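Chains, contacts and geometry: an overview
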Amino acid sequence: QYEFYSISTDAAGNSESAPILADDTTLFDNKNPTGSWISPSSGSFLKGTVSLEASALDTSATINSGVKQVRFRYKLSGGAFTTISTDTSFPYQGSWDTTLFSDGDYTLRAIITDNAGNTRNLDISVTIDNTIPVLSSQTTYSGWYVSDQISDFRPPTSNTTRDHVRSPSIPS
């Protein structure tokens, strides 16, 4: 059984209290919600626009007020957190355009808030890497010519895509 009082204090320090009436149906949620990151996973290398998703639950033995929202935030190592997006309905998702940020190590945080105001922070570490690799050697294969920029080159096989690799029998 809980008893609640409202206390009013003026600038001179005078105060008065009065009981607040609560019945047996008044419920209290003082438990933090739970959850976990679904995507991306901690330690991931990210490029382009990535999907963010977290699971969120508000359960306790006596009462749960329900999940109000999940806020997705980021910070560069040593920086302050900044909000990416907030989702108020299941599934709790967002997206993050990493091309707008410098390559480097970041912390992503999902903040789960229940309807009673209780929160849970879920942090993961990720690395943004939007830098296109540069082909540093001039490796060629007998009878093959390379044109345009190649981002994923493999030695020619019968399954090799010929978008940027041509055999001498194909006219230029």
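Residues numbered from 1 in each chain as written. Predicted model: local features only at pLDDT ≥ 70, side-chain atom pairs only at ≥ 80, totals over all residues. Heavy atoms only, no water.

**With respect to the overall build of the chain**
- Helices and strands together make up the secondary structure of the chain, namely zero helices and twelve strands.
- Helices (α) and strands (β) of the chain occur, in sequence order from the N terminus, as β-β-β-β-β-β-β-β-β-β-β-β.
- When burial is assessed residue by residue, the chain has 27% of its 172 residues classed as buried.
- Within the chain, residue pairs in contact and separated by at least 24 positions form 52% of the contacts whose partners lie at least 6 positions apart.
- Surface exposure of the chain reaches about 11900 Å², of which carbon and sulfur atoms provide 48%. (Helix = DSSP H or I, 4+ residues; strand = E, 2+ residues; numbered from the N terminus. Buried < 20%, exposed > 50% of the residue type's maximum accessible area, 1.4 Å probe, protein only. Contact = heavy atoms within 4.5 Å. Areas by Shrake-Rupley, 256 points an atom, 1.4 Å probe, with all protein chains shown as cover.)

**Section: the sheet that holds strand β3 (residues 34-39)**
- The sheet built from three strands is open, its strands ordered β3-β5-β8 with antiparallel pairing. Each end of this open sheet is capped by a strand with a single partner; those strands are β3 and β8 (92-97). The mean angle between the axes of side-by-side strands here comes to 25°, regardless of whether they run parallel or antiparallel. (Pairing = 2+ DSSP bridges. Axes fitted to C-alpha atoms, helices over the stretch in contact; angles between N-to-C directions.)

**Some words on the sheet that holds strand β6 (residues 67-76)**
- Spatially, β4-β10-β9-β6-β7 is the arrangement adopted by the five strands of the open sheet, whose pairing is mixed. Where the open sheet ends on each side, the last strands, each with one partner, are β4 (45-46) and β7 (82-87).
- Judged from the five bridges that link them, β6 and β7 form a sheet pairing that is antiparallel. For Tyr 74, the partnering residue across the bridge sits in β7 and is Thr 82.

**Observations regarding the side chain of Asn 118**
- Counting through the fold element by element, Asn 118 comes out in the loop between β9 (104-114) and β10 (119-128).
- We classify Asn 118 as buried; its relative accessible area is 14%.
- Separated by 3.2 Å, the side chain of Asn 118 and the backbone oxygen of Lys 31 make a polar contact.
- Once you skip the residues sitting within four places of it in the chain, Asn 118 turns out to touch Asp 29, Asn 30, Lys 31, Asn 32, Pro 33, Ile 112 and Thr 113. (Polar contact = N/O pair within 3.5 Å; in protein donor to acceptor, adjacent residues only side chain to side chain.)

**Structural notes on a nonpolar patch on the surface**
- Together, Phe 4, Ile 20 and Phe 28 line one region of the surface with nonpolar side chains, adding up to about 250 Å² of accessible area.
- The residue Ile 20 is located in strand β2 (residues 15-20) in this model. (Patch = residues over 30% accessible without salt bridge, like charges linked within 9 Å, V, L, I, M, F, W, Y side chains within 5 Å. Salt bridge = Lys/Arg side-chain N within 4 Å of Asp/Glu carboxyl O.)

**Some thoughts on empty space enclosed by the protein**
- A full pass over the atoms with the stated rule returns one cavity of 30 Å³ or more.
- Put simply, the largest cavity is a space of about 30 Å³.
- Sort the elements by how many residues they give to the lining of the largest cavity and strand β5 (residues 49-57) lands first, with four residues.
- Its residues placed into classes, the lining of the largest cavity shows six nonpolar, one polar and one charged. (1 Å grid on protein atoms, 1.4 Å probe; cavity = no way out; pocket = protein on both sides within 12 Å on 5 of 7 lines; lining within 4 Å. Points joined across faces, edges and corners; volume = space filled by probe spheres on them. Nonpolar A, V, L, I, M, F, W, Y, C, P; charged D, E, K, R; others polar.)

**A word on the nonpolar core**
- Grouped together as the largest cluster of nonpolar side chains are 20 residues, with contacts concentrated most on Trp 37, Val 70, Trp 96 and Leu 108.
- Elements with a contribution of two residues or more to this core: β5, β6, β8, β9 and β10. (Core = buried A, V, L, I, M, F, W, Y, C linked by side-chain atoms within 4.5 Å.)

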